[in-house]
Structures are given as structure tokens and as C-alpha cells.
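Spelled out, the chains give:
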Amino acid sequence: MNIQIFSTQTGLNHAFTERMKEIASEKRTLNIALSGGSTPKSLFDYWAQLPEGEIDWKKFRFFWGDERCVPPSDHESNYKMTKEHLFDFITLPNKNIFRIQGEDDPTSEAKRYGELLNHELEITNGIPSFDILMLGMGDDGHTASIFPHQINLWDSLENCVTAIHPISGQKRVSLSGKVINAAKNVFFLVTGENKAEKVKEIFEQPDQAKKQYPAALVQPESGNLYWFLDEPAAKRLHNNPVT
Ligand code: 6PG
């Protein structure tokens, strides 16, 4: 696991952006799965203020790692957040946006999106493979929308699963573990002191963490797993190297 710790959110956003540009420079098109929640907002705002042409957005094809089962106009929608913090500020053909349709029946949408991934992405060992997969981590150790109380969903044979938020009961559509681990490059972007305990457990007691936390099960076949943390999220780690 490659871990980098940043003293500022801007430093984290810049470093991830530079890696993303490096990966994109080698490809005609780049298939990226975005994470949701609040952490990516800062990254999207950072991208939105970059000079025109800094990132060759027309080669990017946007997907999501998970979505809340709400309409795209709902304040909970990961798509809505991405539109308001990124898409409204960059030039991007609509055909490059592959939204999880949170307004639809979760089970049928998980099936539809899973089949869409098979058509739209490169298939590696029979599994659709993203070029870049962004992930966040909840303070309970969830990632995408696979939560500890449903850790069994990780091993689904499907590309996408339906899940339920343990507190709100909100339904979600999420990538399954096999698609997450088939990605060529997986980046965890984790910020905030409330994540520090789980970060410590995942890094220092991995075997135990794998039994409880879906985030601990992220182990891409490619070996390209990068953790980008801010200092508060990394504060419980021993001898953490601040970038
Ligand atoms: C979502 C995300 C989820 C998120 C974590 C961390 O739809 O909420 O995909 O997995 O990444 O909950 O969220 P924060 O960045 O808000 O802490």
C-alpha cells in the first residue's frame, strides 16, 4: 500500500490530480469511478478552478462507485454534488457521464448499471475494470456503499449490489468488491480525524480489520492501491511520513 499524508487538502487535491493526469496521459480515454460524500467536494472544487486545458476532460468518462437511491435533484445525490462542484464548470460531453439512476428501483438499477459496466469498460479476467477508482472511507470503515453490517455484499458475484445505510436506512447502489478490486488504480481519499481510528486499524491490524471493515478488503489485483490522507486522518498511525 502506497500511503501519502498531506498537511493541507489543497496539497492532497494537487497530488491526486497530478497522478490522475499521468495516468490519463497514457490513454485515449480514461474511465474513472468517482466517490461521493463530502471529501470529493474539495477535489471537484479544485478541478473546477484549474485553468482551461489543464486537464483534458474530453478524454474522461465518468462513472460512480456508488449512489444514494434518490433522484438526481436530491441534495443527497452524489451525481448532484458532482454536477454542482465539477460538471457545471468544465466542458464535457453528456455522453461521457454514466450516472447511476438513483431515482429508479434499486434492484433493477444495480442490474442495469452492472450490465452497463460490462459494455462500457475494458474487461479483465471477466470483470469490468476502471482505469481509476476513487474511494472514500466512512468512520465505520465502509467504502463505496458497502457497510460493515452488510460486509457479505463485498463478495457478491454481481458487478453492482443494493445496500442499506445502517443508520438512515437509505437504500444505495454500490459496486461490489470484485469490481473495486479489478480497477487498475485505486485511490482512497480519506480526510478528517473521525477516520483516524479505522485508518490505524486497517494499517496496523489488517487481518482483524478485514473481518469487520469493507475498506480493509480493498486490495486491487493490479497492486496499485494508494491512500491519500490528511494529517488528522493519519494522526493515529505510528511514525507517519507527512508529505
Ligand atoms: C457516499 C460515498 C461514501 C463516502 C464515505 C466517506 O456515497 O457517501 O461514496 O463511501 O466515500 O462515506 O464520506 P465523507 O467523504 O463524507 O467522509
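Residues numbered from 1 in each chain as written. Predicted model: local features only at pLDDT ≥ 70, side-chain atom pairs only at ≥ 80, totals over all residues. Heavy atoms only, no water.

1. Overview of the overall build of the chain
Thought 1: Of the regular secondary structure elements, the chain holds eight helices and eleven strands.
Thought 2: Its C-alpha atoms give the chain a radius of gyration of 17 Å, within 12% of the compact-globule value 18 Å for 243 residues.
Thought 3: In terms of principal-axis extent, the alpha carbons of the chain reach across some 45 × 40 × 35 Å.
Thought 4: Going through the 243 residues of the chain one by one, you find that 54% of them count as buried.
Thought 5: Looking at the chain alone, contacts between residues at least 24 apart form 75% of all its contacts between residues at least 6 apart.
Thought 6: Roughly 10,800 Å² of accessible area belongs to the chain as shown, and the carbon and sulfur atoms make up 48% of that amount.
Thought 7: Between the mean site of the 26 positive side-chain charges and the mean site of the 33 negative ones, the chain shows a separation of 2 Å. (Helix = DSSP H or I, 4+ residues; strand = E, 2+ residues; numbered from the N terminus. Rg over C-alpha atoms; globule rule 2.2 N^0.38 Å. Buried < 20%, exposed > 50% of the residue type's maximum accessible area, 1.4 Å probe, protein only. Contact = heavy atoms within 4.5 Å. Areas by Shrake-Rupley, 256 points an atom, 1.4 Å probe, with all protein chains shown as cover. Lys, Arg positive; Asp, Glu negative; His and termini not counted. Charge placed at Lys NZ, Arg CZ, Asp CG, Glu CD.)

2. What about the site of the ligand?
Thought 1: With respect to spatial proximity, 14 residues lie near the ligand, and among them Ser38, Thr39, Asp66, Ala144 and Lys195 are the closest.
Thought 2: Between the ligand and His142 there is a distance of 2.7 Å, counted from an oxygen atom to a side-chain nitrogen or oxygen.
Thought 3: Burial of the ligand by the protein amounts to 88% of the accessible area it has alone, namely 420 Å².
Thought 4: Looking at the shell around the ligand, its residues break down into two nonpolar, eight polar and four charged. (Near = heavy atom within 4 Å. Polar contact = N/O pair within 3.5 Å; in protein donor to acceptor, adjacent residues only side chain to side chain. Nonpolar A, V, L, I, M, F, W, Y, C, P; charged D, E, K, R; others polar.)

3. Details of the sheet that holds strand E10 (residues 186–190)
Thought 1: Read from one edge to the other, the open sheet built from six strands follows the order E1-E11-E10-E7-E2-E3, with strand pairing classed as parallel. The two strands at the open ends of the sheet, each matched to only one other strand, are strand E1 (2–6) and strand E3 (60–64). Neighbouring strand axes in the sheet, compared pairwise and without regard to direction, differ in orientation by 20° on average.
Thought 2: Strands in contact with helix H1 (residues 9–25) are E1, strand E2 (30–34), E3, strand E7 (132–135), E10 and strand E11 (225–230); relative to E11, the strand with the most contacts, it is inclined by about 160°.
Thought 3: This element, helix H4 (residues 106–120), spans E2 and E3 of the sheet and lies at about 155° to E3. (Pairing = 2+ DSSP bridges. Axes fitted to C-alpha atoms, helices over the stretch in contact; angles between N-to-C directions.)

4. A look at the nonpolar core
Where a protein is soluble and globular, its nonpolar side chains tend to be buried together.
Thought 1: The biggest cluster of nonpolar side chains holds 79 residues, and the ones touching the most others in it are Phe16, Trp47, Trp57, Leu117 and Phe130.
Thought 2: In terms of residue count, the dominant contributor to this core is H1 (six residues).
Thought 3: With residues up to four places along the chain from it excluded, the contact list for Phe130 reads Asn31, Ile32, Ala33, Phe63, Leu117, Leu121, Leu175, Val179, Ala183, Lys184 and Asn185. (Core = buried A, V, L, I, M, F, W, Y, C linked by side-chain atoms within 4.5 Å.)

5. Details of the side chain of Glu201
Thought 1: The topology assignment puts Glu201 in helix H6 (residues 196–204).
Thought 2: Despite being buried, Glu201 has no salt bridge partner; Lys198 is the closest side chain of opposite charge, sitting 4.2 Å away.
Thought 3: If near-sequence neighbours (up to four positions away) are discounted, Glu201 is found in contact with Pro206, Ala209, Gln212 and Tyr213. (Salt bridge = Lys/Arg side-chain N within 4 Å of Asp/Glu carboxyl O.)

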